[in-house]
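Here are the chains, one letter per residue:
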Amino acid sequence: MAGARLEVRLRLKRYGPPAGSAAPGIAPGWRGWAGRDGHGPGTSGGLRRGGAVPVLGPVAFEAGAGEVLAVFGPSGTGKSTLLRIVLGLDLAFEGSVLRPPGPAGVVFQEPRLAPWLSVAANLRLVAPSLDDAAAAALLGLLGLAGTERMRPAALSLGMQRRVALARALAIRPEWLVLDEPFASLDPGLAAALGAIVAQRAREAGAIVLLATHELDQALALASRILVLSGRPASLAADVAVPRGDRGALRAELLGRFAFLGGAPA
């Protein structure tokens, strides 16, 4: 895992129906995708030019082992779309993505738990070899001790989000993609969970790509902050977060990007 690497070279993403058939599925273990530049499968028709709306691009960045990248942008900028492109769930774009070869842990905005399974069984959907002791330890780490046999419906939304986070961590991921994973959690709990995720990622050499609208959270957890802005949204800033005092960087970002001052993202 020491050599984990993520490279994103997104030139353009449009919203609009494809001219031909739907994009193909992703084969297990597929490492990369290239869009309409002709180096990837399944996009010969491209996106329909008439009525298609450009929403993203250009966005280019790289991440290495142990890096935590926070993605910011106002509502509707395309943060979730960017994460879907990075994951390979959205293939209709111009550019390329090179992904780490190992497993990816994913947390969507919605928990997406199997309601008919217990909490522990939801973890084993992605980590079949996870034993009872390991499941209990992981859940306890996230403040969910004693929930192993409970069904998702018996949990609050905040607890369900933590189960989704535990599921992402259960596979010992080489890279994590987290879309607003701490939404609906109180600030203290969100900060504690974020610190756990960042620490585990750095210890394991995993890459984390985190979409969040909390600037202070990003400053506390991330090694870099990526700011999306404009129409179509492009990468307006890629800044390293210092280890010491972050006040100057906070003031700089708030001065450059008004939406970071508290507007939902």
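Trainee: Report on the overall build of the protein chain, specifying residues and quantitative values.
Mentor: In terms of helices and strands, the protein chain carries 7 helices and 11 strands. Each of the 265 residues in the protein chain was classed as buried or not, and the buried ones make up 48%. Put simply, 75% of the contacts in the protein chain that link residues at least 6 apart link residues at least 24 apart. With the model as given, the accessible surface of the protein chain reaches about 11,900 Å², and the carbon-plus-sulfur share is 55%.

Trainee: Hey, could you go over the packing of helix α2 (residues 119-126) against helix α4 (residues 157-170) for me, with residue numbers and the actual values?
Mentor: Relative orientation of the contacting elements α2 and α4 amounts to 35°, with a least axis distance of 8 Å. Crossing angle aside, the handedness with which α2 passes α4 is right-handed. Here V119, N122, L123 and V126 of α2 lie close against α4, whose contacting residues are V163, A166 and R167. For the contact of α2 with α4, a count of residues per class yields 5 nonpolar, 1 polar and 1 charged.

Trainee: Kindly report on the pairing of strand β8 (residues 175-179), identifying the contributing residues and their values.
Mentor: The buried fraction of β8 amounts to 5 of the 5 residues, a majority that puts the element mostly inside the structure. Both faces of β8 are covered, namely the face carrying W175, V177 and D179 and the face carrying L176 and L178. As paired strands, strand β7 (residues 104-107) and β8 are joined by 4 bridges and run parallel to one another. Within the sheet, the bridge partner assigned to V107 lies in β8 and is L178. Pairing of β8 with strand β9 (residues 207-211) involves 5 bridges; the strand directions are parallel. Opposite L178, over in β9, you have L210 as the bridge partner. On the question of chirality, the crossover connecting β8 to the parallel β9 by way of helix α5 (residues 187-204) is right-handed.

Trainee: With reference to specific residues and values, describe the nonpolar core.
Mentor: With 50 residues, the main nonpolar core has F72, L165, L178, F182, I225, V227 and L253 as its most contacted residues. At 7 residues, α4 tops the list of elements feeding residues into this core. Apart from residues lying up to four places away in sequence, F72 is in contact with K79, T212, H213, E214, L215, A218, I225, L226, V227, L228 and L260. Residues L6, V55, L82 and L226 belong to the second largest nonpolar core, which totals 26 residues.

Trainee: Describe the confidence of the model for the protein chain, with residues and values.
Mentor: With 84% of its residues at a pLDDT of 70 or more, the protein chain shows a mean pLDDT of 84. Mean pLDDT values over the elements of the protein chain span from 34, in strand β2 (residues 32-34), up to 97, in α2. Counting interchain partners and residues more than four positions distant, the pLDDT-below-50 stretch residues 18-50 has 55 contacts.

Trainee: Help me get a handle on the packing of α2 against helix α3 (residues 132-141), residues and values and all.
Mentor: Running from amino to carboxyl end, α2 crosses α3 at an angle of 105°, the nearest separation of the two axes being 10 Å. With respect to α3, the element α2 is oriented roughly perpendicular. Residues V119, L123 and R124 of α2 form the contact with α3, whose own contacting residues are D132, A135 and L139. Tallied by class, the residues present in the contact of α2 with α3 amount to 4 nonpolar, no polar and 2 charged.

Trainee: Which residues make up the sheet that holds strand β11 (residues 234-240), and what values do they have?
Mentor: Spatial ordering of the open sheet is given by β7-β8-β9-β5-β10-β11, a layout of 6 strands whose pairing is mixed. This sheet does not close on itself; its edge strands, each paired only once, are β7 and β11. For this sheet, the mean inter-axis angle between neighbouring strands, taken without regard to orientation, is 15°. Contacts from helix α1 (residues 79-87) reach β5 (68-72), β7, β8, β9 and β10 (224-229) within the one sheet, and its direction differs from that of β8 by about 155°.

Trainee: A description of the pattern of salt bridges should follow, citing residues and the corresponding values.
Mentor: What the rule picks out here adds up to 9 salt bridges. Residues E67 and R224 are paired through a salt bridge, measuring 3.2 Å at the closest nitrogen-oxygen approach. On the criterion of sequence distance, the pair formed by E67 in the loop between β4 (59-64) and β5 and R224 in strand β10 is long-range, its members being 157 residues apart. Classification of R224 by relative accessible area gives buried; the value is 13%. The network of salt bridges with shared partners includes R5, R9 and E62.

Trainee: Go over α1 with me, naming the residues and quoting the values.
Mentor: In terms of burial, α1 is largely enclosed, as 7 of its 9 residues are buried. Those residues of α1 not exposed but buried are K79, T81, L82, L83, I85, V86 and L87.

Calculation notes
Residues numbered from 1 in each chain as written. Predicted model: local features only at pLDDT ≥ 70, side-chain atom pairs only at ≥ 80, totals over all residues. Heavy atoms only, no water. Helix = DSSP H or I, 4+ residues; strand = E, 2+ residues; numbered from the N terminus. Buried < 20%, exposed > 50% of the residue type's maximum accessible area, 1.4 Å probe, protein only. Contact = heavy atoms within 4.5 Å. Areas by Shrake-Rupley, 256 points an atom, 1.4 Å probe, with all protein chains shown as cover. Axes fitted to C-alpha atoms, helices over the stretch in contact; angles between N-to-C directions. Left-handed = near helix turned anticlockwise from the far one by under 90°. Nonpolar A, V, L, I, M, F, W, Y, C, P; charged D, E, K, R; others polar. Pairing = 2+ DSSP bridges. Right-handed = clockwise from strand over helix to strand, strands pointing away. Core = buried A, V, L, I, M, F, W, Y, C linked by side-chain atoms within 4.5 Å. pLDDT = per-residue confidence, 0-100. Parallel < 35°, antiparallel > 145°, perpendicular 65-115°, else oblique. Salt bridge = Lys/Arg side-chain N within 4 Å of Asp/Glu carboxyl O.

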